[in-house]
Amino acid sequence: MEKVAARPIEAAVDFLGKISKQEIPVAAIVLGSGVKVLEGLEDEKTVSYQEVFGIAPGVIGHSGAVSLGRVNGRLIAVLRGRFHLYEGHAWEVVTLPSRTMVEWGVPHLYLTNAAGGLNANFNVGDLMLLTGFRDHLHPKYQDSGLLPALKHPPTACTNSLSEHILQVSRKLAAANSVFRPLQTGVYAGLLGPNYETLSEIDMLKSLGADAVGMSTVPEIEVCKGSGTTPAAISVITNVWKPEELVGGHEEVLHAAKQASERLDLLFHACIESGK
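Participant: Looking at this model, I keep getting lost on the nonpolar core. Mind explaining?
Facilitator: One recurring pattern in soluble globular proteins: nonpolar side chains tend to sit buried together. Core analysis: the biggest nonpolar cluster contains 38 residues, and Phe53, Val66, Leu79 and Met101 have the highest contact counts within it. It is helix H1 (residues 9–19) that contributes the most residues to this core, five residues altogether. If sequence neighbours within four positions are ignored, Leu79 has contacts with Ala28, Ile29, Val30, Leu31, Tyr49, Phe53, Ala65, Val66, Pro97 and Met101. One finds Ile76, Leu129, Val168 and Phe267 within the second-largest nonpolar core, a separate group that totals 30 residues.

Here's what the structure looks like:
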C-alpha cells in the first residue's frame, strides 16, 4: 500500500474544536468492526474521517465517521471505525484518531474491538473488559519475530476508568435482564489479517490469552504518559471450540451487531454516571 498523507493532528483537533465550539468532550469512544452504539445522540453533528483526518478506513464494518453529541447533556465523541496495521498503514496512521483525542485533551478513551474468544468459559456476544494485553503487533517485534513478545508477561491495563466500567456493569447486570455480566481477561494483539491456526490458538491459550484480535493495543500504548485514560472492551464474536469451525468476517460483523445493544446500555450508563 502507498503511504497515506494524513492531516496533522493539530489540524484535526482544530477542525473538531470548531464543530464543538471549543468544548472538549468528557469521553471518546472508538468503535471496532461491526459495533454500532451511541447513535442518535443529542445535538449530534457527524463528519467523515476524510474531513477530519484526511483519510478513511478501508475495512468493511468501519463507517469512518466522527459523531459529536451529548449523552444526558455531556459532550462525547464517537469515532466510528479505525485503521489497522494489516491494511499497510504506518503506526502513526493507525493511532491517528486516538492521538487526536489525546492532543485534544479528552480525559477518557473507551476502545472497542471484535475479538475471537479463547477462554472456554466465554460465549459468543460476551463483552470482555481488558485487564491486560499481550502485544504481538508492535513494530519493535516485527524485525526479530515473536520471540521477544512471547517472553514478556501480559501488560496490565487496569485503571480508574476500567474500574468504573466494572462497577457500572455490575449494577446494570443486577437491574437489567438484557445485560450479561462482563467477562474480564487478557487480549492478544496480532498483526493479521488472517485468522489463527489451531497451533497458534494453542500457543496463545498457553500464554494466558483469553481473546485475540488485530487492533486496540496501539491505541492503549499512545495514551501512556498522557492526560487521557484508556479502557478497552472486546466483543467476543466467536469462541474457539474443537468441534466447531470458526466463521469469517461476515460472522464477526453479525455477532458484533447483536452484542451492540448491551454495549450501548453500558456506555450510556458509564457516561451518565460520571465518565
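Participant: Is there a simple way to think about the confidence of the model for the chain in this case?
Facilitator: For any part of a model where pLDDT is low, the fine detail of the predicted coordinates should not be relied upon. Looking at the chain, the pLDDT average stands at 86 and 84% of residues meet or exceed 70. Low pLDDT, under 50, characterises residues 139–144; the predicted model gives this stretch eight contacts beyond four residues in sequence or across chains.

Participant: Would you mind showing me how to read the packing of aromatic side chains here?
Facilitator: The geometry of two aromatic rings is summed up by the distance between their centres and the angle between their planes. Taken as a whole, this structure holds three aromatic pairs when the rule is applied. Ring centres of Tyr49 and Phe83 lie 5.8 Å apart, and the angle between their planes is 55°; this geometry places the pair in the tilted category. With a gap of 34 residues between them, Tyr49 in helix H2 (residues 49–53) and Phe83 in the loop between strand E4 (74–80) and helix H3 (91–94) connect regions that are remote in the sequence. Here the aromatic rings of Tyr110 and Phe267 are separated by 5.2 Å at their centres, their planes lie at 75°, and the arrangement is edge-to-face. Here Tyr110 is found in strand E5 (residues 108–117), whereas its partner Phe267 is found in helix H9 (residues 249–272), with 157 residues between them in sequence. According to the relative accessible area criterion, Phe267 is buried, its value standing at 1%.

The rules behind these values
- Residues numbered from 1 in each chain as written.
- Predicted model: local features only at pLDDT ≥ 70, side-chain atom pairs only at ≥ 80, totals over all residues.
- Heavy atoms only, no water.
- Core = buried A, V, L, I, M, F, W, Y, C linked by side-chain atoms within 4.5 Å.
- Buried < 20%, exposed > 50% of the residue type's maximum accessible area, 1.4 Å probe, protein only.
- Helix = DSSP H or I, 4+ residues; strand = E, 2+ residues; numbered from the N terminus.
- Contact = heavy atoms within 4.5 Å.
- pLDDT = per-residue confidence, 0-100.
- Phe/Tyr/Trp six-rings, centres within 6.5 Å; stacked < 30°, edge-to-face > 60°.

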